[in-house]
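A closer look at the structure
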Amino acid sequence: MPARVSLLGPPSVELDGGALPPPRGSKAWALLAYLSLTDARVPRSRLAGLLFEDAEDPAAALRWSLSQLRRALAGVADVDGDPVRLTFRPGTVVDVDVVARGSWGEALRLPGLGGELLEGVSPRVGATFDLWLSTERRRLAGLTAAVLREAAQSRLAAGSAGSAADLAARLVQAEPLVESSHELLVRALIAAGEPAAAAARVDRCRTLFARELGVEPSAALSAALRHRVAPATAGTTAAVDAGIEGGVGAAHAGAYERAIELLRSAVAGARALDDRPRLARALVELGTVLVQGVRGSDEEAVLLLHEAIALTGTVGEAQAGARAALELGHVETLRAHYPRAEVWFSRATELAGDDARILAWVELFRGMGRTDEGNHAAALPRLVRAVELGGSIGDARARAYALTALGRLQLLRREPAARATLESACDVATSIGWTAFVPFPRALLAEVWLAAGDLEAAGAAFDHAHALACQVGDPCWESYSLRGRGLLAAAQGADDLALELLLEAPAACRRIRDAHDWVEGYCLEALCWFGVSRGLAEAPAWVDDLEDFAARRGLREFVARAALHRSALGQPGAAELAVVLIAGLDNPTLGSDRQRQSSSE
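First things first, this report covers the structure right here in the doc.

Conventions we followed
- Residues numbered from 1 in each chain as written.
- Predicted model: local features only at pLDDT ≥ 70, side-chain atom pairs only at ≥ 80, totals over all residues.
- Heavy atoms only, no water.
- Salt bridge = Lys/Arg side-chain N within 4 Å of Asp/Glu carboxyl O.
- Helix = DSSP H or I, 4+ residues; strand = E, 2+ residues; numbered from the N terminus.
- Buried < 20%, exposed > 50% of the residue type's maximum accessible area, 1.4 Å probe, protein only.
- Polar contact = N/O pair within 3.5 Å; in protein donor to acceptor, adjacent residues only side chain to side chain.
- Core = buried A, V, L, I, M, F, W, Y, C linked by side-chain atoms within 4.5 Å.
- Contact = heavy atoms within 4.5 Å.
- 1 Å grid on protein atoms, 1.4 Å probe; cavity = no way out; pocket = protein on both sides within 12 Å on 5 of 7 lines; lining within 4 Å.
- Points joined across faces, edges and corners; volume = space filled by probe spheres on them.
- Phe/Tyr/Trp six-rings, centres within 6.5 Å; stacked < 30°, edge-to-face > 60°.
- Lys NZ or Arg CZ within 6 Å of the ring centre and 35° of its normal.
- Pairing = 2+ DSSP bridges.

1. Points about the pattern of salt bridges
One pass over the structure, following the stated rule, counts 42 salt bridges. The partner of Arg340 in a salt bridge is Glu150, and the shortest N-O contact between them spans 3.2 Å. Pair noted here: Arg340 is in helix α16 (residues 338–352) and Glu150 is in helix α6 (residues 127–157), with a separation of 190 residues, a long-range link. Glu150 shares its class with Arg340; the two are buried. Sharing partners across several salt bridges, the network here consists of Glu342, Glu363, Arg366, Arg370, Glu373, Arg382 and Arg385.

Structure follows, in structure tokens:
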């Protein structure tokens, strides 16, 4: 039996089916958690400062705890070196790694799934480690919720409605203020033949949201109660093919309502004909349009895509399977479930083979996810390849999107190449009439001009991007432009207007449930910067919001920036935590921000 290391719930180590004696001292568990959850080797000096800052001899205290940890992991892992490396023996199951990178089936078998990181362990450490532990607990809670969601969706798509409802109920318990979790439970209850329980769930959600948030759930929650009226059915294989082709064409033209209508008809027709290959293709196209068209519920889209995945495994439609896996990875990227997204992107790559049309988008979304996490070194080659693949196959949309994503990375790192990259992105998108996308690169290009001090050009570009975003009805693009206009107003000394716009920017994203979470974090961080720099009374609460939002989603760069803001506000341990977090990120601007902050303290 393989060894097992459990850090979720009460920590333990097992070997050959039996529990090993725990280490003496809670700080050894803290060491194990930190080393398990940190990607790189960690210098002993950092560990000593993080966990033993109050000890008379931090280095000696660290050596003692490391020796305890080695004893507890005998036969399971090696701990040695400076920097310290933790190496698990082959076959060892580490629960936090399974939650991040394993299948949902593997995760469901974990005894501690749903438990808190180091539950019941209270190491007497300084404020810096306490802050780190708090953010990691929230991140792992978010990953656990993502696993429960994926498991419930997969089982519901496979027809196991009762099991899906049980999993969705656990999901609602884990994140009670997330509307899509309630919607998934309602869909599962309806599928399980329990309409009364589903209606009661809708009522409880409404009451909860009114009490805790002061808002009403969206119409998607109530819509989940109703069986959708069957569309006009495409009655022949030719009609199904025409519906698929027409739906895809309508989506490319931005006519999403018409696209959804045509694709629903194609799905219904393929079901009636029991044509499983065509059904798989129609499900993939409909799911993709529901995700990308900002017109439907991503819960519905994900269920369609899971059904397509199951079908493609039986009918040999590898390309459709790759497309479905790609889009599921895209959804998880939007939701900031990056490790779960990587599972789908790996599957899409495997199914795609040498199909560059799919691989271009896989590389694009993979690169975007790495950028979101702050892992720019890993993102760069993927985005460069996406640009190249988009150009080599003549996919102007993929090329425009990849150029925009590459320009965003360069902008975040303040690289001079950002301007030319984003100008190219705007040119490509404009040349193919992709008006619905243009606000994205346009707003980022405006940021380049703002950083260069060209306020007039930045203002015109932000206004243009905002007008286009409102016209096409995309709240994410609107948030980008509102954020930029707020920063521009701050640079011009119009602080009242700046505050109004910076408050409005993250709120725009929240108008739909399925927006790109990173964008909301980006806007929250700008609001925090403004509040802290102006000494506003609300600034500490905004920083709390940013840290909580970013920690649960694994947005490490925003967690680091929240720590920098906390340090500027004088919170104990924040400056030291910022140093620890920045050391694990690939963005030189964070270091320069830290230096500027230190000089002003």
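2. Concerning the side chain of Arg561
In this fold, Arg561 is placed in helix α27 (residues 556–568). On the basis of relative accessible area, Arg561 is assigned to the buried category, the value being 13%. Separated by 3.3 Å, the side chains of Arg561 and Thr589 make a polar contact.

3. A closer look at the nonpolar core
Formed by 208 residues in total, the largest nonpolar core has its most connected members in Leu73, Leu117, Phe129, Leu364, Tyr401, Tyr480 and Trp518. Among the elements that take part in this core, α6 stands out by supplying 12 residues, more than any other. Sequence-distant contacts of Tyr401, that is, excluding residues within four places in its chain, are made with Trp361, Leu364, Phe365, Met368, Trp434, Phe437, Phe440 and Trp477.

4. A look at empty space enclosed by the protein
According to the stated counting rule, one finds two cavities of 30 Å³ or more in the structure shown. Approximately 70 Å³ is the volume attributed to the largest cavity. What lines the largest cavity is simply Trp132, Thr135, Glu136, Arg139, Ala551, Gly554, Arg556, Val559 and Leu581. Of all the secondary structure elements, the ones that give two or more residues to the lining of the largest cavity are α6 and α27. Considering every element that reaches the lining of the largest cavity, the biggest residue donor is α6, with four residues.

5. Re the packing of aromatic side chains
Per the counting criterion, the structure on display carries 19 aromatic pairs. Consider the rings of Phe365 and Tyr401, whose centres lie 5.9 Å apart with planes at 85°: the pair is edge-to-face. Placement of the pair is Phe365 in helix α17 (residues 356–373) and Tyr401 in helix α19 (residues 396–412), with a sequence separation of 36 residues. Three or more aromatic residues joined by ring pairs form one cluster here, namely Trp361, Phe365, Tyr401, Trp434, Phe437, Phe440, Trp477, Tyr480, Trp518, Tyr522 and Phe558. One Lys or Arg, Arg397, reaches over the ring of Trp434 and ends 4.5 Å from the middle of that ring. Above the face of the Phe549 ring, Arg553 is positioned so that its terminal group lies 3.8 Å from the ring centre.

6. What about the pairing of strand β5 (residues 85–88)?
Bridge analysis of strand β4 (residues 77–80) against β5 gives four bridges, and the strand direction is antiparallel. From the neighbouring strand, Asp78 faces β5, where its bridge partner is Thr87. Linking β4 to β5, which pair antiparallel, is a turn of four residues; within it Gly81 sits at a positive phi near 90°.

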